[in-house]
2 protein chains.
Amino acid sequence: MIKVGIVGYGNLGRGVEANLKLANDMELVGIFSRRDPASLDTQAPAYYYDDLDQFTDKIDVLILCGGSRTDIPKQGPELAQKFNTVDAYDNHSNMSHYYQDMQAATQAGNKLAIIATGWDPGLFSLNRLMGAAILPQGNTYTFWGKGLSQGHGDAVRGVDGVADAVQYTIPNQDLMADIREGKEVAYDSHSAHKREVYAVLADGADPDQVREAIVTMPDYFQGYETTVHFISAEELKANHQGLPHGGHVIRSGQTSPEAHQVYEFSLDLASNPEFTAAVNVAYARAAARLAKEGVTGVQTVFDVAPKYLSSRPIAELIADLL
Amino acid sequence: MIKVGIVGYGNLGRGVEANLKLANDMELVGIFSRRDPASLDTQAPAYYYDDLDQFTDKIDVLILCGGSRTDIPKQGPELAQKFNTVDAYDNHSNMSHYYQDMQAATQAGNKLAIIATGWDPGLFSLNRLMGAAILPQGNTYTFWGKGLSQGHGDAVRGVDGVADAVQYTIPNQDLMADIREGKEVAYDSHSAHKREVYAVLADGADPDQVREAIVTMPDYFQGYETTVHFISAEELKANHQGLPHGGHVIRSGQTSPEAHQVYEFSLDLASNPEFTAAVNVAYARAAARLAKEGVTGVQTVFDVAPKYLSSRPIAELIADLL
């Protein structure tokens, strides 16, 4: 059995806990949190983050479930000196820097870290690489959604006159259809996505004014086709509590002037954090197995051979799935 | 530059030749055929198959483009003793046997062989593995088409009263939609696919009799929803000369009782042999690079880390695609 520790117990940590129950070759040793372990709503053993030092020989791999803004950049390099780790670090613009920090940490402790797993970065990155490698003459398009965008929801909730709100990113289906047909398209983030807001007005707020404040917000909504629906607090609670997401990576290319070829990877997720966790768990299996083979240093989804993700022996995979 | 040889010059061999022109890190050393090299319609250097022995130190990897029925099972083990090889061997039921033959051959010569690349087996196999590893609680569904099925076309052309014909395999869109929505479905090859035949009648043939002979043909059409269109020889030539194909691998699973998650990989190909060739070329790059690192033996798409498929350095991949 592969012995796993979870660091951080928000949506992602709970998702990892749920997914570990489905993995017959892995067991959860404990959840590590900066909060009082007794306060965590779990049946699993829970400990203080600071107790991790007592577990260095009891855990094969730690899954880091903190936030990418402040938790992971600090915890990753700290823990990767003592443990093999997997994370879903998702700050694209700081990735090379984080990679270097983790390289230094893993080298100091002869450990292995697989960074930036999940679906984007993660599976989407993998398919961007494969699509471009197989169809070098072509273009790659990423569409996100339909899905809940936390950052955009936060932005709307900050508007004067908004009591509560969620925001869905919707991919432009017409543009996707044109790409699949091989048409020349004008693709950018604005044309590729629409934004749909469900907002609860504060008492006495003017809907027209609030709508105008939302749709003209720079960076978040300006330049996008944005629809704002005003709903009751009850309706928001009844119909908008899920964390759906997903999207598409499409590589459209030619192998010869006449031959248009479309490579597409899609996800349609009822729970974004649980699916991200599912990917983390599969890469945690890979990390434990690679570490057992003596591999150290930093790896990404680009470096890991697919067979390490599966609990099944390679001979079975060849007989059943190839 | 990675030096490549092509063995066999049918649709697949021509596809590899076309795709090598798009790979800026690979060069074609020669095409090897059992036919007279002067008879091949190519600008590339062409040689007799039997001349391959003179090229053992001039070629980094051979791409085997013969047929899976008789060519590859013989040529693969023969050539993998002297060359690194890549093939698109696609006989699922004989795969384990072929794997062993290639293992013996590569071990005898300290060479590397990547077998069964292409899209099915190949990319579809890879996505079956990843989907199941990430969503262990779920089901995997494969749909083929819309695409030209050579075997079914041959079967129809063998029917009395048929002068010429093609057959398209059509995936059942309703069934795919149900799967994506997480419904319980009755999936088998018959319910998942429809068959569409375009046939030219021989002089004096009775269309009703021919149609009946086709739709009741055991193994090929019996049990399928089959539509037969009778068209003129001119229309067949004008509209049915392409080799389109494609399909979908869908993994539908749950990460918790409430969370339905859909993982999907799709291909829509104007030219099946050219895309298969494109995959072969990417895996040939991987084979040459792995061999240079000292790796020997047999590998499949399950064993190859994705980064080896791309000509770009890993630091660039991390900065641009992760």
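Residues numbered from 1 in each chain as written. Chains lettered and ligands numbered in written order. Predicted model: local features only at pLDDT ≥ 70, side-chain atom pairs only at ≥ 80, totals over all residues. Heavy atoms only, no water.

1. Focus: the relation of the copies chain A and chain B
Think of it as a corkscrew move, a rotation about one axis and a shift along it, taking one chain copy to the other. Mapping chain A onto chain B is achieved by rotating through 180 degrees and translating by 0.0 Å along the same axis, at an RMSD of 0.0 Å. Interpreted geometrically, this transformation is the action of a two-fold axis. Relative to the rotation axis, the closest C-alpha in chain A is found at Ala305 of chain A, a distance of 2.0 Å. A shared binding surface is used by both copies, with 100% of the interface residues of chain A retained as interface residues in chain B. (Least-squares fit on C-alpha atoms with pLDDT ≥ 70 in both. Contact = heavy atoms within 4.5 Å.)

2. Focus on the interface of chain A and chain B
With 61 residues of chain A at the interface, the matching set in chain B holds 61 residues. Between chain A and chain B the total buried area reaches about 5,100 Å² when both faces are included, carbon and sulfur atoms providing 67% of it. Here chain A and chain B share two salt bridges between them. One salt bridge in this structure joins Asp303 of chain A and Lys307 of chain B, with 2.9 Å as the shortest N-O distance. Where chain A touches chain B, the interface holds 24 residue pairs in polar contact (both at pLDDT 80 or more). Here the element with the most residues in the side of chain A that touches chain B is strand S13 (residues 259–269) of chain A; it accounts for 11 residues. Counted by class, the side of chain A that touches chain B contains 38 nonpolar, 15 polar and eight charged residues. Inspection of the sheet shows S13 of chain A paired to strand S13 (residues 259–269) of chain B by nine bridges, in the antiparallel sense. Across the sheet, Tyr263 of chain A pairs through a bridge with Leu267 of chain B, a residue of S13 of chain B. (Buried area = accessible area lost by both parts, 1.4 Å probe. Salt bridge = Lys/Arg side-chain N within 4 Å of Asp/Glu carboxyl O. Polar contact = N/O pair within 3.5 Å; in protein donor to acceptor, adjacent residues only side chain to side chain. Helix = DSSP H or I, 4+ residues; strand = E, 2+ residues; numbered from the N terminus. Nonpolar A, V, L, I, M, F, W, Y, C, P; charged D, E, K, R; others polar. Pairing = 2+ DSSP bridges.)

3. Looking at the domain arrangement of chain A
Residues and elements named next belong to chain A. Segmenting chain A into domains produces domain 1 (2–119 + 273–321) and domain 2 (123–270). If you average the C-alpha positions of domain 1 and of domain 2, the two centres end up 29 Å apart. On the domain 2 side, the residues contacting the nine residues of domain 1 number 11 residues. Taken over both partners, the interface formed by domain 1 and domain 2 buries close to 930 Å², and the fraction arising from carbon and sulfur atoms is 79%. Interface area lost by domain 1 to domain 2 is led by Trp119, Phe275 and Phe302, which between them contribute 64%. Counting across the domain 1 and domain 2 interface gives zero salt bridges. The interface formed by domain 1 and domain 2 holds three residue pairs in polar contact (both at pLDDT 80 or more) in total. Broken down by element, the residue count for the side of domain 1 that touches domain 2 peaks at four residues, all from helix H10 (residues 272–292). Of the residues contributing to the side of domain 1 that touches domain 2, the split by class is seven nonpolar, two polar and no charged. (Domains from an automatic or database assignment.)

4. So, the sheet that holds strand S10 (residues 193–201) of chain A
All names here are of chain A. Reading across the sheet, the four strands line up as S8-S9-S10-S11 and stay open at both edges, with mixed pairing between neighbours. Each having just a single partner strand, strand S8 (147–148) and strand S11 (225–230) make up the two edges of the open sheet. On top of the sheet, helix H5 (residues 150–157) reaches S8, strand S9 (162–171) and S10; it is set at about 145 degrees to S9, its chief contact. Lying over the sheet, helix H8 (residues 207–215) contacts S9, S10 and S11, oriented at roughly 145 degrees with respect to S11. (Axes fitted to C-alpha atoms, helices over the stretch in contact; angles between N-to-C directions.)

5. Things to note about helix H4 (residues 123–134) of chain A
Residue and element names in this part refer to chain A. If you check H4, its first and last C-alpha atoms are 16 Å apart, about what 12 residues at 1.5 Å a residue would give, namely 16 Å. Burial runs high along H4: 11 of the 12 residues are buried. Residues Leu123, Phe124, Ser125, Leu126, Asn127, Arg128, Leu129, Met130, Gly131, Ala133 and Ile134 constitute the buried set of H4. (Expected span 1.5 Å × (residues − 1). Buried < 20%, exposed > 50% of the residue type's maximum accessible area, 1.4 Å probe, protein only.)

6. Some points on the pairing of strand S1 (residues 2–7) of chain B
Residues and elements named next belong to chain B. In terms of residue burial, S1 counts as a mostly covered element, since five of its six residues are buried. Here S1 runs beside strand S2 (residues 26–33); their pairing, made up of six bridges, is parallel. When the bridges of S2 are listed, Ile2 appears paired with Met26. Sheet topology note: the S1/strand S4 (residues 61–64) ladder contains four bridges and is parallel. Among the inter-strand pairings, Val7 is bridged to a residue of S4, identified as Leu64.

7. Let's talk about the packing of helix H1 (residues 11–20) of chain A against H10 of chain A
All names here are of chain A. The N-to-C vectors of H1 and H10 enclose an angle of 60 degrees; their axes lie 8 Å apart at closest approach. Our classification of the angle between H1 and H10 gives oblique. With respect to the hand of their crossing, H1 and H10 are arranged in right-handed fashion. On the side of H1, the interface is formed by Asn11, Leu12, Gly15, Val16, Asn19 and Leu20, while H10 contributes Pro273, Glu274, Thr276, Ala277, Ala278, Asn280 and Val281. Split into classes, the residues belonging to the contact of H1 with H10 amount to seven nonpolar, five polar and one charged. (Parallel < 35°, antiparallel > 145°, perpendicular 65-115°, else oblique. Left-handed = near helix turned anticlockwise from the far one by under 90°.)

8. Overview of the side chain of Asp87 of chain B
All names here are of chain B. Within the secondary structure, Asp87 sits in strand S5 (residues 85–87). With no salt bridge to any partner, buried Asp87 finds its closest opposite charge in Arg128, at an N-O distance of 14 Å. Engagement of the side chain of Asp87 in a polar contact is seen with the backbone nitrogen of Tyr89, the distance being 2.9 Å. Here the side chain of Asp87 touches Ala116 through a polar contact of 2.9 Å, landing on its backbone nitrogen. Those residues in contact with Asp87 that lie beyond four places of it in its chain are Leu64, Ile72, Tyr98, Met102, Ile114, Ile115, Ala116, Thr117 and Asn280. (Lys, Arg positive; Asp, Glu negative; His and termini not counted.)

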